[in-house]
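What the coordinates show
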Amino acid sequence: MACIHLLKFFLLLALTATSQGKHLGPTSHLRYSRFIDPSNAIFLRWDFDLKAEAIVFELQVQTAGWVGVGIANRYTVVGGDLVVGGVLPDGNVYFSDQHLVDEDTLEEDGSQDAELLGLTEDAAYTTMRFSRPFRSCDPHDQDITSDTIRVLTAYGLDDMLKLRRERTFVKSIFLLQIFHPEDLDFPEDTMVHDLEITDFLIPEVDTTYACTFLPLPIVSEKHHIFKFEPKLTDHNETMVHHILVYACGNASTLPKGISECYGFDPAFSLCSQIIVGWAVGGLSYQFPDEVGISIGTPLDPQWIRLEVHYSNFHNLPGVYDSSGIRLYYTTRLRKYDMGVLQLGVLTFPIHFLPPGAESFMSYGLCKTEKFEEVKLGGTSTLNEMCLVFLFYYPRNNISSCLGYPDIGHVVQELGEAAAESPMENLMVMSSVEWTPENIKAAEKACKEARQTVMLKTINELIENTTGWIPDIIPTPRGPCLESSGGKVEPQDQTPAGFRAAPVVLSGSNTATLRSIPLAALLFLQGTIPWLLAMLQTGI
């Protein structure tokens, strides 16, 4: 239920790219691919057509049974959609758009919104290719947005459509990447520097934050880092939740070795200015041509703190890891230096989430009248603390801007006696008997309370101010793509007399898709608020 956002950059060319369609058919090359499961038995390829507002998936699984791929919602696979198909022993194929009634049971949708493009089986694999709209009018279909998506895959050993947990997998993937990394140019003098933990034994516990201190590239003149990407140890991908790189002050005395970041030795939590980061769902990130992270000047850091968050939920023993971040840098300087601004809700000790809440909105305020020159570069969503990391340029002196509500006001709105200190008020709230009604009351009180804002500079200087959360107008959901027999929700209904013209993906010869412009909606949804168009990623 927590949320952390780590921002992704796209090139300004995304404005023109989003207006161009990429027609996809049964034999079209699909640019993107990922293994979904730890044993690499499930391989997913995909590509998308922004003009037709449709995506094509190709799922290849080492099985002679049925296969399925779809989208899960944020917290559970229940209610997720799953397009399933397979080849019967007599050679006939079956194909269906379904959803999960519970963790073990599938049910066919009343509206069939997936279009089959190919389904084959050989001695090794069952391979299924199909297209579906980004957003159908079927309430059982999950929307595909320009955000990190929880991709759901499953398969069977035969043609009986029965879900088994050991053959059901969810992987967070940023599906709608505007540019593929291989499409971007590298400077001729590109150099590579790896920041990685070496042979770290992952503890047999749910959560571990491992930290170590490493030098940045040693250069005698200014260089620019223009790209970074994760380095993940094979078969450990599902255990690495996020990786962050923090800049250290050049006068800092840093410890050696690898230790718990926030454990008994406070030295391992030194350095708080984020430079780059990766989280579940992310791939590589390349900045716009006019922007880079500066290294090599007296003002730039020489050392960093590398933080790797491990999630060993199955308490697996004897797993060693050497994951990290790979940096690409060059002497060909860009026009602007990159900065990173941390926004959101102060995590400790103020941020709280009531138990049993199906949803709870947290509000973070940042007042930056002094910093009108900040230009945001894009967004990415990771899930945990309510924090946002914005890449921006040109870089200035601010590194963090976090807010938190007057917890005393929240306690009073819950009908309790407010204490003097925030910690005491949090203790009061721990004794509250939470109900759906007072959960909503606490959410409302957090929004209406006076907010304290903490500004931190890259020199670790802190300034406090106060303010109020402004009214927030939700972005309206855009119209859906209606298929034959589709169920239309009231909020999806289009004005009387309006019917979008049908658009057919090239190479398909079955049902048509009706097209309503969605490219603009992708920008309005908050996932690409600035005009730039991949860290991708709870911390």
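Note: the structure precedes this text.
Here goes a summary of the coordinates provided. Since the structure is predicted, the reported quantities are computational estimates derived from the model, not experimental observations.

1. A few points about the sheet that holds strand β19 (residues 273-279)
- Taken in spatial order, the five strands of this open sheet run β18-β15-β22-β17-β19, and their pairing is antiparallel. Of all the strands in the sheet, just β18 (258-260) and β19 have a single pairing partner and so form its edges. Put simply, the sheet's adjacent strands are angled 25° from each other on average, direction ignored.
- Looking at chain direction, strand β15 (residues 207-215) and β18 are connected through three bridges and run antiparallel. Residue pairing in the sheet places Ala 210 in a bridge with Glu 260 of β18.

2. Some thoughts on the packing of aromatic side chains
- Tallied over the entire structure, the rule returns 15 aromatic pairs.
- Here Phe 57 and Phe 130 contribute two aromatic rings whose centre-to-centre distance is 5.8 Å and whose plane-to-plane angle is 45°, an arrangement assigned as tilted. Taken as a pair, Phe 57 in strand β4 (residues 54-61) and Phe 130 in strand β10 (residues 126-133) lie far apart in primary sequence, 73 residues in all. The burial state of Phe 57 is the same as that of Phe 130; both residues are buried.
- Of note, Arg 31 hangs over the ring of Phe 48, and the distance from its end group to the ring centre comes to 5.5 Å.
- Looking at Arg 305, its charged tip hangs above the ring of Tyr 246, at a distance of 4.0 Å from the centre.

3. Re the environment of Ser 131
- You can see Ser 131 is positioned in strand β10.
- Given a relative accessible area of 0%, Ser 131 falls into the buried group.

4. What about the sheet that holds strand β5 (residues 67-71)?
- With antiparallel pairing, the six strands of this open sheet are ordered in space as β8-β7-β6-β5-β11-β12. Two strands in the sheet have a free side with no partner beyond their single neighbour: β8 (106-108) and β12 (168-174). On average, each strand axis in the sheet is inclined to that of its neighbour by 30°, with strand direction left out of account.
- Bridging between strand β7 (residues 93-100) and β8 involves three bridges; their strand directions are antiparallel. Looking at the pairing, Gln 98 lines up with Glu 108 of β8.

5. Thoughts on the state of the cysteines
- One pass over the structure, following the stated rule, counts three disulfides.
- The disulfide bridge from Cys 137 ends at Cys 480, spanning 1.8 Å between sulfur atoms. Sign of the S-S torsion, about 90° for the bond between Cys 137 and Cys 480, identifies this disulfide as right-handed. Here Cys 137, found in the loop between β10 and β11 (148-155), pairs with Cys 480, found in the loop between β30 (462-467) and β31 (502-503); they are 343 residues apart in sequence, far enough to count as distant.

Definitions and cut-offs
- Residues numbered from 1 in each chain as written.
- Predicted model: local features only at pLDDT ≥ 70, side-chain atom pairs only at ≥ 80, totals over all residues.
- Heavy atoms only, no water.
- Pairing = 2+ DSSP bridges.
- Helix = DSSP H or I, 4+ residues; strand = E, 2+ residues; numbered from the N terminus.
- Axes fitted to C-alpha atoms, helices over the stretch in contact; angles between N-to-C directions.
- Phe/Tyr/Trp six-rings, centres within 6.5 Å; stacked < 30°, edge-to-face > 60°.
- Buried < 20%, exposed > 50% of the residue type's maximum accessible area, 1.4 Å probe, protein only.
- Lys NZ or Arg CZ within 6 Å of the ring centre and 35° of its normal.
- Disulfide = S-S within 2.5 Å.

Read these as layout, nothing more, since geometry by itself doesn't imply function.
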